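Each chain is listed here by its residues.
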Amino acid sequence: MSNPESEGGPDSVERFAADLRELRLSAGDPKLIALSERTGVSKSVLSEAFSGRRLPTERTVARVVEDLGGEREAWVARRFALDPRGTAATAESGASPEPASRRFSVLQTLLIAGVAAALAVGGTSVFWATRTAPVPDAGAPENAEGPYLAAANGVDPMRTACKDDAIIAASESRLDRQVHVQLLYSNDCMAVWGRVTRYDDRSSGNTLTMQIYPEGDRKSARAQKRTAEGLQSMYTPMIVEPDVEARVCGAASLTLDGETIDLGPELCA
């Protein structure tokens, strides 16, 4: 199917994905690993795009459609109509609602929006630097340019362009929905980092900790860990993982009145 026109009612993320699957079938139904190698888009991102769990980025749509012989401009225009802001799919763009175990209250949604707004303000790195425990200085990679650092193991993702195309690759509520543990992924950088957010209003005087590592190897030299005090939400440094078959996992904990609480089990993406 080269023409992405959606007929018979309003378009949605699910219909977009269904038509994308049809386009894939018309191109011989290539395996994800082959499609990933040809387009440079990771298997996990491709899987989400075809499943309809999340609206793929404009860049992903363009690369996949071109490879499958579709009409790039028409597909990109259709994607833009679903989400003019250019972000990953949300409930507003027709995506299926999250399972009940991951739905937030109005207060929690406002908290997330507040954190996102703070990150969008100029001086993002200053905001985090003044409110978190310092991240060990990994040093600027040799190919760092301009105001951004290049993607590298141990680098703060908020100081890179990796954050621009980041999607939530894995996300679970823990501790009776009082905490949210997530793994974020940048396809452009092929990098993963963790995020842990608490909603118990008990951040003052307490800490958040999260470690990310290659699956099955918590002691890997590439593992990244961060602990911060007095925060509602915290990011870890990134791990660059160019192997599309590999997985990165994360584990988090928090303290509550001096007691350390494990937020396991580990989360992998």
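Since the model is a prediction, treat every value here as computed from it, not as a measurement.

Quick notes on the environment of Q232
With respect to the helices and strands, the residue Q232 is situated in the loop between strand 5 (224-229) and strand 6 (233-235). Assessed through its relative accessible area of 19%, Q232 is described here as buried. Residues Q232 and S203 lie 29 residues apart in sequence; the distance between their C-alpha atoms is 5.8 Å. Reaching out from Q232, the side chain makes a polar contact with the side chain of S203 at a distance of 2.8 Å.

Concerning the packing of helix 2 (residues 32-39) against helix 3 (residues 43-51)
Where helix 2 meets helix 3, the closest approach of the two axes is 9 Å, and the angle between their N-to-C directions is 115°. Between helix 2 and helix 3, the angle falls in the class roughly perpendicular. At the point where helix 2 passes helix 3, the crossing takes the right-handed sense. Contacts between helix 2 and helix 3 involve L32, I33, L35 and S36 from the first element and K43, L46, S47 and F50 from the second. When the residues that make up the contact of helix 2 with helix 3 are grouped by side-chain class, the tally is five nonpolar, two polar and one charged.

Looking at helix 4 (residues 58-68)
Regarding helix 4, the residues found buried are T60, V61, A62, V64, V65 and L68. If you follow the buried residues of helix 4, they end up packed against helix 1 (13-26), helix 2, helix 3 and helix 5 (72-82). Positioned one or two residues after helix 4, G69 has a phi angle of 85°, which is positive.

Remarks on the environment of S220
Mapped onto the fold, S220 is located in the loop between strand 4 (207-214) and strand 5. Relative accessible area serves as the criterion here: at 13%, S220 is assigned to the buried category. Of note is the side chain of S220, whose polar atom sits 3.0 Å from the backbone nitrogen of R222.

Points about helix 1
Taking 1.5 Å per residue as the helical rise, helix 1 with its 14 residues ought to reach 20 Å, and the 20 Å between its terminal C-alpha atoms agrees with that figure. Looking at the buried side of helix 1, the elements it contacts are helix 2, helix 3, helix 4 and helix 5. Looking one or two residues beyond helix 1, the residue adopting positive phi is G28, at roughly 100°.

Points about the packing of aromatic side chains
Under the definition given, this model contains one aromatic pair. Between the aromatic rings of F16 and W75, the centroid separation amounts to 5.3 Å while the plane-to-plane angle is 85°, which identifies the pairing as edge-to-face. In this pair, F16 is assigned in helix 1 and W75 in helix 5, connecting sequence segments 59 residues apart. The same class applies to F16 as to W75, namely buried. The ring of F50 has R24 lying over it, and the distance from NZ or CZ to the ring centre is 4.8 Å.

Side note on the confidence of the model for the protein chain
The pLDDT averaged across the protein chain works out to 79; a share of 73% of its residues lies at or above 70. Mean pLDDT per element in the protein chain: helix 7 (residues 124-131) is the minimum at 39, and strand 4 is the maximum at 96. Overall, residues 87-107 carries pLDDT values under 50, and its contacts beyond four positions in sequence, including any with other chains, amount to 34 contacts. In the predicted structure, residues 119-145 sits below a pLDDT of 50 and forms 33 contacts with residues beyond four places in sequence or in another chain.

Considering the state of the cysteines
Tallying each qualifying case throughout the model produces two disulfides. Each sulfur in the disulfide pair C162 and C189 lies 2.2 Å from the other. Residues C162 and C189 are joined by a disulfide whose S-S torsion is about -100°; by sign, that bridge is left-handed. One end of the pair, C162, is in the loop between helix 7 and strand 1 (167-174); the other, C189, is in the loop between strand 2 (179-186) and strand 3 (191-198), with 27 residues separating them in the sequence. C189 matches C162 in its accessibility class, with the two residues each being buried. With its sulfur 1.9 Å from that of its partner, C249 forms a disulfide with C268. Classification of the bridge connecting C249 and C268 rests on its S-S torsion, roughly 105°, and on that basis the disulfide is right-handed. Here C268 lies in strand 10 (residues 267-268) and C249 lies in strand 8 (residues 248-256), a separation of 19 residues in the sequence. In the protein chain, the bonded cysteines, taken in the order they occur along the sequence, pair up as 1-2, 3-4.

So, how was this worked out
- Residues numbered from 1 in each chain as written.
- Predicted model: local features only at pLDDT ≥ 70, side-chain atom pairs only at ≥ 80, totals over all residues.
- Heavy atoms only, no water.
- Helix = DSSP H or I, 4+ residues; strand = E, 2+ residues; numbered from the N terminus.
- Buried < 20%, exposed > 50% of the residue type's maximum accessible area, 1.4 Å probe, protein only.
- Polar contact = N/O pair within 3.5 Å; in protein donor to acceptor, adjacent residues only side chain to side chain.
- Axes fitted to C-alpha atoms, helices over the stretch in contact; angles between N-to-C directions.
- Parallel < 35°, antiparallel > 145°, perpendicular 65-115°, else oblique.
- Left-handed = near helix turned anticlockwise from the far one by under 90°.
- Contact = heavy atoms within 4.5 Å.
- Nonpolar A, V, L, I, M, F, W, Y, C, P; charged D, E, K, R; others polar.
- Expected span 1.5 Å × (residues − 1).
- Phe/Tyr/Trp six-rings, centres within 6.5 Å; stacked < 30°, edge-to-face > 60°.
- Lys NZ or Arg CZ within 6 Å of the ring centre and 35° of its normal.
- pLDDT = per-residue confidence, 0-100.
- Disulfide = S-S within 2.5 Å.

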